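# Structure assessment
Listed below are the residues making up each chain.
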Amino acid sequence: MTGLAQLVAEELECDWSKVSTEFPTPGQNLARNLVWGRQFTAGSRAIRESHEYVRKAGATARTMLIQAAANEWKVPAAECSASNSVITHRPSGRTTTYGKVAEAAAKIEPLRSRTPPKVTGEQVYGIDLKLPGMLCAAIKDCPVFGGKLTSFDAAKVQGMPGVKHVVKVGDSAVAVVADRWWQAKTALDALPATWDEGPNAKVSSASIAEFIKGGLDAEQAFVGNQQGDVKQAIANAAKKVEAVYSFPYQNHATMEPMNATAVYTADRCEAWVPTQVAEAALASVSEASGLPIAKCEVHKLLLGGGFGRRTTHDYVQQAVAIAKQIPGTPIKLIWSREEDMTHGRYHPVTQAKMVGALDANNNLTGLHMRISGQSILAFVNPQNLQDGKDPFVFQGLNPGGAEGQLGYTIPNLLIDHAMRNPHIPPHFWRGVNNNQNAIYLECFMDELAHAAAQDPLEFRRKLMSKHPKHLAVLNAVAERVGWDKPAPQGIYRGLAQQMGYGSYVAAAAEISVTGGNKIKIHRIVGATDPGHAVNPAQIDRQVAGSFVYGLSALFYGECTVKDGRIEQTNFDTYNSMRIAEMPKVESIVMPSGGFWGGVGEPTIFVAAPAVLNAFFAATGKRIRSVPLKNHNISFA
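Now for a quick tour of the structure.

Right, let's get into helix α13 (residues 434-451). Compared with the 26 Å implied by 1.5 Å per residue over 18 residues, the 25 Å span of α13 between its first and last C-alpha is a close match. In terms of residue burial, α13 counts as a mostly covered element, since 16 of its 18 residues are buried. Of the residues one or two after α13, A453 is the one with positive phi, at around 55°.

Listed below in structure tokens is the structure:
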């Protein structure tokens, strides 16, 4: 990390050997805190971009240090300068060092230089890119995944305004290239095309559900977590509790639809890509162009939403495939909203059969959790399956480890997965498999607690003595929400906890219900232990933002399948929560040290089970499938 230290020192104008890039104590190294988490990758462009990031971070840190000194002296920051680790007030000649004001500087809110252009619309995203001589492309793929394009009549649209080319893209798509994108899209809508929809043309949500249901009692399954003899424990139970839960396909629904710009020549291919993984985008450009990576270059652009969707690059390959047919001309491909909705990579569909065993004293002696459904890894990276098993399926349910450990000790336990892969392609979706796993486990824990006639918090606590970090975040939200005190009249509470992405998280929700089906979420308390908290204010914002994502999925998020294709084509049929529906969010950031966890995804998955458990407390009705709109339940 010497190079990183030198860059930071250069911008701070101090001795680089004094810049720590390891684990400073709070306030010791402001610059390092600002740049922590930036990963440096091979390749000249990636290095240049990373260096530019560090230079900007260093400049921001120097500004904050100067401001801290100016605050102490009660003088304008414009009268101060910094050099060689020393800050000088020019009119008076007073000086101080970086070290003396670092603690105060760390408390100053840094200028968010990226915010104003985003607000004003000046920020250039991938969809905004303009290059000299650029043409725009609109694309239409076979509506059924796995189908093929059989024919199209280019002559019908060649004379339309702005149209330059009509080209086949791979085996399944056709694109129109025009001077402007709307011209291309208008012509594409008028283009006669026929498809061979293939063997999946009759698949429906009902048939997929039946297919997955068959895995709930299948003899063969991949084991993710096993202790003791769960079969015997269930057989000997004084009381057996059983439930089946399900979770649907969901779209990433990024505000900016998929797009990429590419220019191809015989010896070089260049692409401008809004992507979450530049290296994978570069590999896709190389594959689609047929050129070695050394002859390809990717310019990484700011993206209007990713959430996991832009870790795969089908849209990049399409842009390059079109550009390859029009050498030397920059081609900007933009998916229509309808194309983006119906040709996404979706949150996987699963079901879970939960069986719990209680003894005569209402202690949980056994739990069998059978997950049936899709494997993301089988679609994305099948070579990384472990003897056929997808370890990502068991997020938050693992027997140990630093990423997603189960937070309960149960003497007899079996968590397994019957893999069932329909033709709709799954992918990583913010929070990934933790989303449904937290609902399955935490709602069923509530079911077990009520079957045992015990308080849901106390029931959990008895199982968590060997999981102090899980328990700490759960206790934190319970204390903040006032779990041990009666709730206000008409208010009902629910709890959930989980570990994911190296962090421990919990949520407590307070809701009211009117008419049996109108939910008002008054308040959600979220606790996060990410090990270290570099920027608590940013963590607070991530918690609130993640609740928007998790609650939108709970109330609205579902993609259904009819005649082999996704039915939801725009935001009128794939909804998102509104500002008026947003609850008050209270975040508790409680870093315990010793590890580095994530904050962008973990709290997503505890929002839904906390609300579902509160809904049961309010109505006595247990909801085991989402979204809530399918149960005629909505925001109040």
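Tallying each qualifying case throughout the model produces 1 cavity of 30 Å³ or more. Taken as a whole, the largest cavity spans an internal volume of roughly 80 Å³. Lining the largest cavity are F247, Q250, W429, N435, I439, G550, A553, L554, I604, F605, A608 and V626. The set of elements that each furnish at least two residues to the lining of the largest cavity consists of α13, α16 (536-555) and α17 (604-619). For the lining of the largest cavity, the residue count by class is 9 nonpolar, 3 polar and no charged.

This next bit is on the sheet that holds strand β11 (residues 259-265). Working definition: the strands of a sheet are paired by backbone hydrogen bonds and lie parallel or antiparallel to each other. Strands sit in the order β6-β7-β4-β14-β11-β12-β13 across an open sheet of 7 strands; the sheet is mixed. A single partner strand is all that each edge strand has here, and the edge strands are β6 (163-169) and β13 (296-301). On average, each strand axis in the sheet is inclined to that of its neighbour by 20°, with strand direction left out of account. Judged from the 3 bridges that link them, strand β4 (residues 135-141) and strand β14 (residues 331-334) form a sheet pairing that is parallel. The residue of β14 that forms the bridge with L135 is I331. Strand contacts of helix α9 (residues 278-289): β11, β12 (268-274) and β13, with the helix running at about 140° to β13, the strand carrying the most contacts. In this fold helix α10 (residues 314-324) packs onto β4, β6, β7 (173-178), β11, β12 and β14, with an angle of close to 35° to the strand it touches most, β11.

Next up on the list: the packing of aromatic side chains. Taken as a whole and assessed by the stated rule, the structure comprises 11 aromatic pairs. Centroid distance W181 to W182: 6.1 Å. Interplanar angle 55°. Geometry classified as tilted. With a centroid separation of 6.4 Å and 35° between ring planes, the pair formed by Y501 and F605 is classed as tilted. Of the two residues, Y501 is situated in the loop between β18 (492-500) and β19 (503-514) and F605 in helix α17; the sequence distance between them amounts to 104 residues. Given the relative accessible area of 1%, F605 is considered buried.

Calculation notes
- Residues numbered from 1 in each chain as written.
- Predicted model: local features only at pLDDT ≥ 70, side-chain atom pairs only at ≥ 80, totals over all residues.
- Heavy atoms only, no water.
- Helix = DSSP H or I, 4+ residues; strand = E, 2+ residues; numbered from the N terminus.
- Expected span 1.5 Å × (residues − 1).
- Buried < 20%, exposed > 50% of the residue type's maximum accessible area, 1.4 Å probe, protein only.
- 1 Å grid on protein atoms, 1.4 Å probe; cavity = no way out; pocket = protein on both sides within 12 Å on 5 of 7 lines; lining within 4 Å.
- Points joined across faces, edges and corners; volume = space filled by probe spheres on them.
- Nonpolar A, V, L, I, M, F, W, Y, C, P; charged D, E, K, R; others polar.
- Pairing = 2+ DSSP bridges.
- Axes fitted to C-alpha atoms, helices over the stretch in contact; angles between N-to-C directions.
- Contact = heavy atoms within 4.5 Å.
- Phe/Tyr/Trp six-rings, centres within 6.5 Å; stacked < 30°, edge-to-face > 60°.

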